[in-house]
Amino acid sequence: MRADGRANDELRPHEMIVDFVSTADGSCLIKTGGTKVICTASVEESVPPFLRGKGEGWVTAEYAMLPASTGRRKQRDGIKKDGRGVEIGRLIGRALRQAVDRRWLGERTITIDCDVLEADGGTRTAAITGGFVALVCAIDKLIRQGKLMESPIVHQIAAVSAGICRGEACLDLCYIEDSAAETDMNFVMDETGAMAELQGTGEGRAFTREELEQLLDLGEAGIARLQALQRRALGDRARHICPKRTLVLATNNRHKIIEISEMLGDKYRVLSMKEAGVTGEAVENGETFEANAAIKAEFVTEQTGYAALADDSGLAVDALDGAPGVHSARYCGWHGDDDANNRLLMENLKDVPMPERTAQFVCAMALALPYGKTRVVTGACPGIVTTSPRGDREFGYDPYFEYLDGRTFAEMPDEEKNQISHRARAMQQMLPVLEEVL
């Protein structure tokens, strides 16, 4: 039987009270058995010198035990700070930085202050668990103020202790257990069970691999329960934890939106320009597909604050020195008249024999970000321009573009075309970029 009557795999009673400090940007009072810690989050619109001009933010933490927190008055920090408090503050900061993609935070600093009201073991793990809740509350405030468009929280972080007490693996040690444990460990994990930090010491004796695995199992199960309590305490604000990134497609063309959305799958929250509230049109005055794609993507990001994906594509015919090229949609002199564009194409190729009517559909795809540089990739699909249209899918130059298998794009089902098209080939190159930056 443990000192407080719990089972070996049982957490102490936990309570997390959000908005405990009304003057803070985010706050949480966490109670873990007899341990009570106030965690507050404060936002500053600046970053440390080593981050200035880099377009990313910073998360840091400080930790202190109030004078009466242990029952015997603890001297307040003076000019020389308590070494243990500094070490624990650094631990909390390291742990909570794992929760945030600092590129999405912008050039601002969030400081988590953790002040121990009462200490009954596990103050550092309680500070990390409550500190994460305070951090999410601060992010919610920044979003409501319009200073952030999306949450930068990419991982849910919680922490718990475990140890070997009288030869048995036990979870969430109180002070009596902690002070007499043969082995003492602190686990900091994210929602996947990956470890952000692991601290372990054989206090009374060395511990075995088998005991370590027992403690790891206890820690992982305990943190899963703590994360459920974090989400419950946050309520609606829990939506800011690991959200889908918003990706605005720089188009209102329904055909293109469906095609690109199918390629992206369900990993992103995909919006059209209209759905994102974009007004006006980008001035596509670039001389290349790549330049025009970047112009469109950056225009949308500037208007919305979201990441934007744009493409510029067209038909490049070798015998016409790459024409229609960037003018494909307005080849005839005005925009969007497919019949007129195709008539002009046939007129310009009337004296060109079939073997020399080689061409390629080209697609440049650009990803613009609220931070960092725009990324551009290009995909091309080879073929030949026919002398007459074939197929019933009359979109653009598709009825006249014959792929290597002898069918025109207009003769292919959408599912097949979307696997080999120029846009599909560009997307194959863009997907790893999206994975890296979003």
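The shown structure was predicted, so the numbers you read here are calculated from the model rather than taken from an experiment. (Residues numbered from 1 in each chain as written. Predicted model: local features only at pLDDT ≥ 70, side-chain atom pairs only at ≥ 80, totals over all residues. Heavy atoms only, no water.)

A. A look at the overall build of the protein. Scanning the protein from terminus to terminus reveals nine helices and 15 strands. Computed over its C-alpha atoms, the radius of gyration of the protein comes to 29 Å, more than 25% above the 22 Å expected for a compact globule of 438 residues. Dimensions of the protein, computed from the C-alpha atoms along their principal axes, are close to 95 × 45 × 35 Å. Among the 438 residues that make up the protein, the fraction classed as buried is 51%. Taking all contacts inside the protein whose residues are at least 6 apart in sequence as the whole, residues at least 24 apart take part in 65%. Only carbon and sulfur atoms are counted for the fraction: they give 49% of the accessible area of the protein, which is about 20,400 Å². Here the protein contributes 52 positive and 68 negative side-chain charges, whose respective centroids are spaced 7 Å apart. (Helix = DSSP H or I, 4+ residues; strand = E, 2+ residues; numbered from the N terminus. Rg over C-alpha atoms; globule rule 2.2 N^0.38 Å. Buried < 20%, exposed > 50% of the residue type's maximum accessible area, 1.4 Å probe, protein only. Contact = heavy atoms within 4.5 Å. Areas by Shrake-Rupley, 256 points an atom, 1.4 Å probe, with all protein chains shown as cover. Lys, Arg positive; Asp, Glu negative; His and termini not counted. Charge placed at Lys NZ, Arg CZ, Asp CG, Glu CD.)

B. Local environment of the sheet that holds strand E12 (residues 307-317). Across the sheet, six strands lie side by side as E11-E10-E12-E13-E14-E15; this open sheet has mixed pairing. Whereas interior strands pair on both sides, the edge strands pair on one side only; in this sheet they are strand E11 (269-271) and strand E15 (401-402). Pairing of strand E10 (residues 246-249) with E11 involves three bridges; the strand directions are parallel. Directly across from Val 248, in E11, lies its bridge partner Leu 271. (Pairing = 2+ DSSP bridges.)

C. Representation of a negative patch on the surface within the structure. Taken together, Glu 210, Glu 213, Asp 217 and Glu 220 make up a surface patch of like negative charges. Here Asp 217 shows up in helix H4 (residues 209-234). Exposure remark for Asp 217: the relative accessible area of 54% places this residue in the exposed category. (Patch = residues over 30% accessible without salt bridge, like charges linked within 9 Å, V, L, I, M, F, W, Y side chains within 5 Å. Salt bridge = Lys/Arg side-chain N within 4 Å of Asp/Glu carboxyl O.)

D. Representation of unusual backbone geometry in the model. Here Ala 323 and Pro 324 are connected by a cis peptide whose omega angle stands at 0°. Topologically, Pro 324 is positioned in the loop between E12 and helix H7 (338-348). The backbone of Asp 172 sits at a positive phi, close to 55°, despite the residue not being glycine. Note on placement: Asp 172 falls in the loop between strand E7 (168-171) and helix H3 (175-180). With a phi close to 55°, Asp 321 is a non-glycine residue in the positive phi region.

E. A look at the confidence of the model for the protein. Chain-level pLDDT for the protein is 94 on average; 99% of the residues reach the 70-or-more range. Element-level mean pLDDT values for the protein span from 85 in helix H5 (residues 254-264) up to 98 in helix H2 (residues 123-144). (pLDDT = per-residue confidence, 0-100.)

F. Structural detail: the nonpolar core. Formed by 44 residues in total, the largest nonpolar core has its most connected members in Ile 92, Ile 110 and Ile 128. Secondary-structure elements contributing two or more residues to this core are strand E1 (14-18), strand E2 (26-32), strand E3 (35-44), strand E4 (58-65), helix H1 (83-97), strand E5 (109-118) and H2. Of all the elements, H2 adds the most residues to this core, at twelve residues. Ignoring anything within four residues of it in the chain, the contact list for Ile 92 reads Ala 61, Tyr 63, Cys 114, Ala 127 and Ile 128. (Core = buried A, V, L, I, M, F, W, Y, C linked by side-chain atoms within 4.5 Å.)

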